[in-house]
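Structural features, examined
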Amino acid sequence: DTGVSQDPRHKITKRGQNVTFRCDPISEHNRLYWYRQTLGQGPEFLTYFQNEAQLEKSRLLSDRFSAERPKGSFSTLEIQRTEQGDSAMYLCASSRPYGDTQYFGPGTRLTVL
Amino acid sequence: AQKITQTQPGMFVQEKEAVTLDCTYDTSDQSYGLFWYKQPSSGEMIFLIYQGSYDEQNATEGRYSLNFQKARKSANLVISASQLGDSAMYFCAMREATTDSWGKLQFGAGTQVVVTP
């Protein structure tokens, strides 16, 4: 059974650059979630999809952030004009619908210099 | 307002001993779910155990058990017979059945557990 995968695992970028992260969920899961985790804190919800539909977005997801899941399989999270405050671990999770357990990927650690 | 409170920032426990990690939650929903995840230093969140609000019995998964006290709104994790590999950050999380169709998890700040020989 293949788990949730994320790419890249680490990303270092300069302030003002755009970055894109990819998440591949567990194959039979139609829900996909993005969370952000800063040092010493628990993960914070950003957004989630059911199939290709984006069902909820957090207020944390400013207009510099955009997430897509065009074919209901993998998802991308793009951050435009990165800021130092965007430095965090970006976690992706997937689940079956309606209340099932969310399984997380290894995360992408973003460092903005 | 904080939905999940974990009051213990860190704990030391000796190998083979049991440890209890505290978690209290705040919700006005009747239907909700409570989760515990483990996060080793590698960063991946590992699912440990789940308790539904309507479950009458406490959940157990191997060495993990959840002490669910609904009236007190607490969902403490008990790890029995601690092992060195249990050293990690532990997060309590809740999912509410509000209008978002059982979507997001809300996490506490976590408890760092260090198991000593």
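Residues numbered from 1 in each chain as written. Chains lettered and ligands numbered in written order. Predicted model: local features only at pLDDT ≥ 70, side-chain atom pairs only at ≥ 80, totals over all residues. Heavy atoms only, no water.

1. A short note on the environment of B:Cys92
All names here are of chain B.
- Relative to the elements of secondary structure, Cys 92 occurs in strand β10 (residues 88-96).
- With 81 residues separating them along the chain, Cys 92 and Met 11 place their C-alpha atoms 15 Å apart.
- Setting aside anything within four residues of it in sequence, one finds Cys 92 in contact with Ile 4, Gln 6, Cys 23, Phe 35, Trp 36, Gln 106, Phe 107 and Gly 108. (Helix = DSSP H or I, 4+ residues; strand = E, 2+ residues; numbered from the N terminus. Contact = heavy atoms within 4.5 Å.)

2. Section: the sheet that holds strand β1 (residues 5-7) of chain A
Residue and element names in this part refer to chain A.
- The sheet built from four strands is open, its strands ordered β1-β3-β8-β7 with antiparallel pairing. Looking along the sheet, the strands with just one partner apiece sit at the ends: β1 and β7 (65-68). When strand polarity is set aside, the average angle formed by the axes of neighbouring strands in this sheet is 15°.
- In terms of strand pairing, β7 meets strand β8 (residues 75-79) through four bridges, oriented antiparallel. When the sheet's bridge partners are listed, Glu 68 is paired in β8 with Thr 76. (Pairing = 2+ DSSP bridges. Axes fitted to C-alpha atoms, helices over the stretch in contact; angles between N-to-C directions.)

3. With respect to the nonpolar core
- Of all hydrophobic cores here, the largest spans 25 residues; its most connected members are B:Leu21, B:Tyr25, B:Trp36, B:Ile49, B:Leu77 and B:Tyr90.
- Elements with a contribution of two residues or more to this core: β2 (10-14), β3 (19-21), β5 (32-39), β6 (46-52), β8 (64-69), β9 (74-79), β10 and β12 (111-116) of chain B.
- Here this core takes four residues from β10(B), the largest share from any one element.
- Among residues more than four places away in sequence, those in contact with B:Tyr90 are B:Gln6, B:Leu21, B:Trp36, B:Tyr37, B:Lys38, B:Leu48, B:Leu77, B:Ile79, B:Gly110, B:Thr111 and B:Val113.
- Grouped together as the second largest cluster of nonpolar side chains are 19 residues, A:Leu32, A:Leu77, A:Leu110 and A:Val112 included. (Core = buried A, V, L, I, M, F, W, Y, C linked by side-chain atoms within 4.5 Å. Buried < 20%, exposed > 50% of the residue type's maximum accessible area, 1.4 Å probe, protein only.)

4. Remarks on the packing of aromatic side chains
- If you walk through the whole model with that rule in mind, you get 17 aromatic pairs over all chains.
- The interplanar angle of 85° and the centroid separation of 5.3 Å between the aromatic rings of A:Phe104 and B:Tyr37 together place this pair among those described as edge-to-face. Pair noted here: A:Phe104 is in strand β10 (residues 103-104) and B:Tyr37 is in strand β5, and the two residues belong to different chains.
- Classification of B:Tyr37 as buried rests on a relative accessible area of 0%.
- A ring pair is formed by B:Phe35 and B:Tyr37, whose centres lie 6.3 Å apart and whose planes are at 25°; its orientation type is stacked.
- Overall, the relative accessible area of 0% leaves B:Phe35 in the buried class.
- By the ring-pair criterion, three or more aromatic residues cluster together here, those being A:Tyr33, A:Tyr35, A:Phe45, A:Tyr48, A:Tyr103, A:Phe104, B:Phe35, B:Tyr37, B:Phe47, B:Tyr50, B:Phe91 and B:Phe107.
- If you follow A:Arg22 out to its NZ or CZ, it ends over the ring of A:Phe74, 3.8 Å from the centre. (Phe/Tyr/Trp six-rings, centres within 6.5 Å; stacked < 30°, edge-to-face > 60°. Lys NZ or Arg CZ within 6 Å of the ring centre and 35° of its normal.)

5. Observations concerning the pairing of strand β11 (residues 108-112) of chain A
All names here are of chain A.
- The side-chain alternation of β11 yields one buried face, formed by Thr 108, Leu 110 and Val 112, and one unburied face, formed by Arg 109 and Thr 111.
- Pairing of strand β2 (residues 10-13) with β11 involves four bridges; the strand directions are parallel. Each residue of the ladder has a partner; that of His 10, found in β11, is Arg 109.
- Looking at chain direction, strand β9 (residues 88-95) and β11 are connected through three bridges and run antiparallel.

6. Overview of the environment of B:Tyr90
All names here are of chain B.
- Looking at the element boundaries, Tyr 90 is found in strand β10.
- We classify Tyr 90 as buried; its relative accessible area is 0%.
- In sequence terms Tyr 90 and Trp 36 are 54 residues apart; their C-alpha atoms lie 7.0 Å from each other.

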